[in-house]
Amino acid sequence: MFYLKLAVNNIRRSFANFAPFLLASTVMYVMNLIIATILFSPSIDNMKSGANTVRTLMGMGLVIISAFALIIMVYGYRFLIKRRTKEFGLYEILGLSKTQIAHVSLDELIILFLLTVFAGTIIGLILAKFLFLILVSLIDGSNFGLAFSGQAFLVVSLIFLAIFFLLIIISSLTIQNNSSLNLLKEESRGEKEPKANFIFAILSLILIGAGYYIAVTVKNPMAALTNFFIAVVLVIVGTYLFYLSFTIWLLRRQKANKKYYYQPKHFITVSSMLYRMKQNAVGLANITVLVAMTFVTLAVTVGLHTGVKDVVNQAFPQDTNTHVGASGVSADEFDLLVQATSAAPKLNVKYMEANSSANIAPDQSDLVVGSASNDVSINNFASIKFLAREDLVKIGNEDLPEISGNQVLLASVVGKTQLKSIDWYGQKLVVKDLVTDIKNVSNEMSGVNSFYVIFPTEVALKNFVAASNASNQAAGAGDGISYETMLTSMQGFTNISSSDQEKFQEEFTRNVGTVQEGFGPSNFTMLYKSDLKSTMNEFTGSFLFIGFTLGVTFILGAALIIYYKQVSEGAQDKRNYKILQEVGLSKDEVASTIKSQVVMVFFMPIALAIMHFTFAFVMIKKLLAIFGVTNGGLILMVSLLTIFVVALIYYLIYKLTSKVYYNIVERN
């Protein structure tokens, strides 16, 4: 009971020290509880088709935010315990053993855990209801409410129990491994002095440069997906080395330059900045990484959600709402199949197509398929849609150049090409022209480069497919390369009322079965615009919600680190303030010098984060292309808006935490 009373008194008397950590742990608990409440809510099952998607994304979000909560709370508790080690040292001098001091610390952490769970549960349940309404709005959900789950409370409480258990271990080890004298001096010590040397300084620039190079030279969306994490890891490691080694190395180089260093302005600035960087290198690196992650998370998720409309419109040309397709039928048979239904809709758009794939490098002029010499590389992998010019002209592409014989036109949907000729299993095709802006053809949501090869007529297209399949089968056994057999299919787009859609699908499916022997699911396609829009909204809405939650969490984490940095720098600068005045500087000169350094150090992380994001922009565009979002202007606008909003929030955090800093410096 003695230890518990002592712990309660400690928290009450030193609440100013405990408050930031308690606020951080409560915020992290609230964010986890919100995600878990939605994840385990039975009402998610009421969604039409996106329940599994929402649960998967919420599960991923819970894992990420839990890991982030661990990092933030360990960081915050290390700062808290550093400010309280002097108190622990006094306890030991007054006669308490280290085991008894550790017991007091244990009771303090238990109290903090209970306060976190109590306050976090109340706030979390209130905010979860509010944020769930936002999620429902984002995914265009039907009318259903959020049902709270005891499972969510239990899971989050166990996660935080594990985190607090880790903090108990950290506290016990700190107390056991330090003498009373060390504990008394611990508070006045800065962060562990980083080792700065030329090799690590250069290595930081090499790692960051390598990450930038990967980001800006990525070839296609699939390559971006596989290289994204490599680039991120390189830049993160490089960023930590940049602050820990390069900045220190650069300042020491300036200090070694006698002509530069021994000038009043440079002398104070370099020596102060050197000490300030030693104290805050890790904290500045943490802020830079968190702000950059906020930029990327929000830009990707907002860009993805706002690009959904374009994706749906690309999949449904000319204001149509129904896509129907059937393979192995002629154009006339396709018309009969559609008209034999009770809805008998007019086909607003109709064309023949066949699909395959190949490796096409951007600077490649001759494509050879069916030979062992064809390079197989994920960087150059491309999907190819074969079309007929006569169909495209009928659906609004009257300006297409005339072609005949073995001539084809080439159109780029995603990616660049300079192909002049195509040898497809011995069939020689000559690319007469590269064309752009093909209208009323459904653009599939593809994560790879996509091109259209356009033949003069449907007959030429069918002959090419038949000859290609025959050659493919003959060559497959010889060179070990085998492509799937191509099928020509008819694609139609029309308008069908929502009340007729189910009946139309049933009748069309039955009609296809009557004209095709061996009819199976792969022989026809049916897609409604409303279903695609709903599916995309549920996916991107959940993504945006998770991105928003992570973005808020990252910003709160950065704010917390900034606060701790301001407090630690304030205590140090208060001493420097007196020393500088004693060596002859006026009060205004000292204040101006310290203020300029604070501003420089404070805005360095966001400047570096913006630079990281700028180089990551190319890769972000490629990643969004995987989901069919290819509107570069929209992505740029969203990215700039994201930078502006985050930078504004960052500035407000600076203004708020600066008050804490100046209160400490001006005290006494």
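### Things to note about the overall build of the protein
Line of reasoning, step 1. When its secondary structure is counted, the protein shows 18 helices and 10 strands.
Line of reasoning, step 2. Within the protein, contacts between residues at least 6 apart in sequence are counted, and of these 83% link residues at least 24 apart.

### Some words on the pattern of salt bridges
Line of reasoning, step 1. Under the definition given, this model contains five salt bridges.
Line of reasoning, step 2. Between Glu-353 and Lys-385 there is a salt bridge whose closest N-O contact spans 2.9 Å. Of this pair, Glu-353 sits in strand 2 (residues 349-359) while Lys-385 sits in strand 4 (residues 381-388), placing them 32 residues apart in sequence.
Line of reasoning, step 3. According to the relative accessible area criterion, Glu-353 is buried, its value standing at 5%.
Line of reasoning, step 4. With a relative accessible area of 3%, Lys-385 lands in the buried category.
Line of reasoning, step 5. Glu-506 is the partner of Arg-510 in a salt bridge, and the nearest nitrogen-oxygen pair spans 4.0 Å. Residue Arg-510 and its partner Glu-506 are both found in helix 15 (residues 498-515); the two are separated by four residues, about one turn of the helix.
Line of reasoning, step 6. We classify Arg-510 as partly exposed; its relative accessible area is 46%.

### Remarks on the packing of helix 4 (residues 98-138) against helix 5 (residues 150-176)
Line of reasoning, step 1. Two numbers describe how helix 4 lies on helix 5: the axes approach to 10 Å, and their chain directions differ by 155°. One element, helix 4, and the other, helix 5, form an angle in the roughly antiparallel class. Regarding helix 4 and helix 5, the two cross each other, and that crossing is right-handed. Where helix 4 abuts helix 5, its residues Lys-98, Thr-99, Ile-101, Ala-102, Ser-105, Leu-106, Leu-109, Leu-112, Phe-113, Thr-116, Val-117 and Thr-121 lie against Phe-153, Ser-157, Phe-160, Leu-161, Phe-164, Leu-167, Ile-168, Ser-171, Ser-172, Ile-175 and Gln-176.
Line of reasoning, step 2. In terms of residue class, the contact of helix 4 with helix 5 is built from 14 nonpolar, eight polar and one charged.

### What to know about unusual backbone geometry
Line of reasoning, step 1. We note that Ala-344 has phi near 40°; this positive angle belongs to a residue other than glycine.
Line of reasoning, step 2. One can find Ala-344 in the loop between helix 12 (331-339) and strand 2.
Line of reasoning, step 3. For Ala-344, a relative accessible area of 33% corresponds to the partly exposed category.
Line of reasoning, step 4. If you check the backbone angles, Tyr-425 has positive phi at about 50° while not being a glycine.
Line of reasoning, step 5. With respect to the element layout, Tyr-425 can be found in the loop between strand 6 (421-424) and strand 7 (427-435).

### With respect to the confidence of the model for the protein
Line of reasoning, step 1. Mean pLDDT over the protein: 79, with 83% of residues reaching 70 or higher.
Line of reasoning, step 2. Taken together, the stretch residues 477-482 has pLDDT below 50 and engages in nine contacts with residues farther than four places along the chain or on a different chain.

### Let's talk about the sheet that holds strand 10 (residues 524-528)
Line of reasoning, step 1. Ordered in space as 3-6-7-5-8-4-2-9-1-10, the 10 strands form an open sheet in which the pairing is mixed. Taken across any chain shown, the strands that pair with only one partner, and hence form the sheet edges, are strand 3 (366-369) and strand 10. Each neighbouring strand pair of the sheet contributes to a mean axis angle of 30°, computed without reference to strand direction.
Line of reasoning, step 2. Pairing of strand 6 with strand 7, which is carried by four bridges, proceeds in the antiparallel orientation. Residue pairing in the sheet places Asp-423 in a bridge with Lys-428 of strand 7.
Line of reasoning, step 3. Most of the contacts of helix 12 go to strand 9 (residues 489-494), to which it runs at about 40°, and overall it touches strand 1 (322-327), strand 2 and strand 9.

### A word on the pairing of strand 3
Line of reasoning, step 1. Here strand 3 shows a buried face lined by Leu-367 and Val-369 and an unburied face lined by Asp-366 and Val-368.
Line of reasoning, step 2. Where strand 3 and strand 6 come together, four bridges link them in parallel fashion. Looking at the pairing, Leu-367 lines up with Ile-422 of strand 6.

### Some points on the packing of helix 2 (residues 15-39) against helix 4
Line of reasoning, step 1. Relative to each other, helix 2 and helix 4 sit at 45°, their axes nearing to 6 Å. Considered as vectors, helix 2 and helix 4 are oriented oblique to each other. The handedness of the crossing between helix 2 and helix 4 comes out as right-handed.
Line of reasoning, step 2. Across the contact of helix 2 with helix 4, the residue classes break down as 19 nonpolar, seven polar and one charged.

### Describing the side chain of Glu-507
Line of reasoning, step 1. The topology assignment puts Glu-507 in helix 15.
Line of reasoning, step 2. With sequence-adjacent residues up to four places away left out, Glu-507 is seen in contact with Thr-341, Ser-342 and Ala-343.

### Concerning helix 7 (residues 198-216)
Each α-helix turn comprises 3.6 residues. Residues three or four places apart therefore point the same way.
Line of reasoning, step 1. Here helix 7 is 19 residues long and its end C-alpha atoms lie 27 Å apart, about the 27 Å a rise of 1.5 Å per residue gives.
Line of reasoning, step 2. Residues of helix 7 that are buried: Ala-201, Ser-204, Leu-207, Ile-208, Gly-211, Tyr-212 and Ala-215. Along the axis of helix 7, the buried residues cluster in a sector spanning 130°; they form a single face. With respect to the buried face of helix 7, the exposed residues turned more than 90 degrees away are Ile-199, Ile-206 and Tyr-213.

### Things to note about the packing of aromatic side chains
Pairs of aromatic rings are described using the distance from one ring centre to the other and the angle between the two planes.
Line of reasoning, step 1. Under the defined criterion, the tally for this structure stands at 23 aromatic pairs.
Line of reasoning, step 2. On the basis of an interplanar angle of 50° and a centroid distance of 5.0 Å, the ring pair of Phe-386 and Phe-464 is categorised as tilted. Of this pair, Phe-386 sits in strand 4 while Phe-464 sits in helix 14 (residues 458-479); the two residues are 78 residues apart in sequence, bridging distant segments of the chain. Residues Phe-386 and Phe-464 agree in their burial class; the two are buried.
Line of reasoning, step 3. Judged by centre distance (6.1 Å) and plane angle (40°), the ring pair of Tyr-651 and Tyr-654 falls under tilted.

### Focus on the nonpolar core
Line of reasoning, step 1. In this structure, Phe-21, Met-58, Phe-160, Phe-164, Ile-438 and Phe-545 are the most contacted members of the largest nonpolar core, which totals 119 residues.
Line of reasoning, step 2. When residues in this core are grouped by element, the largest group, 17 residues, is from helix 3 (residues 51-93).
Line of reasoning, step 3. Beyond its immediate stretch of four places on either side in the chain, Phe-160 contacts Ser-25, Met-28, Tyr-29, Asn-32, Ala-69, Met-73, Phe-113 and Thr-116.
Line of reasoning, step 4. Formed by 41 residues, the second largest nonpolar core is a distinct cluster that contains Ala-331, Ala-358, Leu-419 and Met-526.

### Examining the environment of Lys-565
Line of reasoning, step 1. By the element assignment, Lys-565 lies in helix 16 (residues 529-582).
Line of reasoning, step 2. Along the sequence, Lys-565 and Asn-280 sit 285 residues apart, while their C-alpha atoms lie 7.0 Å from each other.
Line of reasoning, step 3. Setting aside chain neighbours within four positions, we find Lys-565 in contact with Asn-280, Leu-284, Ile-287 and Val-601.

### What about helix 11 (residues 308-315)?
Line of reasoning, step 1. Buried within helix 11 we find Val-308, Val-311, Val-312 and Ala-315. Buried residues in helix 11, looked at end-on, bunch into an arc of 95°, giving them a common side.

### What to know about the pairing of strand 10
Along any regular strand, the residues point their side chains to alternate faces of the sheet.
Line of reasoning, step 1. Side chains Phe-524, Met-526 and Tyr-528 of strand 10 all project onto a buried face; the interleaved residues Thr-525 and Leu-527 project onto a face where none is buried.
Line of reasoning, step 2. In this sheet, strand 10 lies alongside strand 1 in antiparallel orientation, the contact comprising five bridges. Counterpart to Thr-322 in the pairing with strand 10 is Tyr-528.

About the thresholds
- Residues numbered from 1 in each chain as written.
- Predicted model: local features only at pLDDT ≥ 70, side-chain atom pairs only at ≥ 80, totals over all residues.
- Heavy atoms only, no water.
- Helix = DSSP H or I, 4+ residues; strand = E, 2+ residues; numbered from the N terminus.
- Contact = heavy atoms within 4.5 Å.
- Salt bridge = Lys/Arg side-chain N within 4 Å of Asp/Glu carboxyl O.
- Buried < 20%, exposed > 50% of the residue type's maximum accessible area, 1.4 Å probe, protein only.
- Axes fitted to C-alpha atoms, helices over the stretch in contact; angles between N-to-C directions.
- Parallel < 35°, antiparallel > 145°, perpendicular 65-115°, else oblique.
- Left-handed = near helix turned anticlockwise from the far one by under 90°.
- Nonpolar A, V, L, I, M, F, W, Y, C, P; charged D, E, K, R; others polar.
- pLDDT = per-residue confidence, 0-100.
- Pairing = 2+ DSSP bridges.
- Expected span 1.5 Å × (residues − 1).
- Arc of directions from axis to C-beta.
- Phe/Tyr/Trp six-rings, centres within 6.5 Å; stacked < 30°, edge-to-face > 60°.
- Core = buried A, V, L, I, M, F, W, Y, C linked by side-chain atoms within 4.5 Å.

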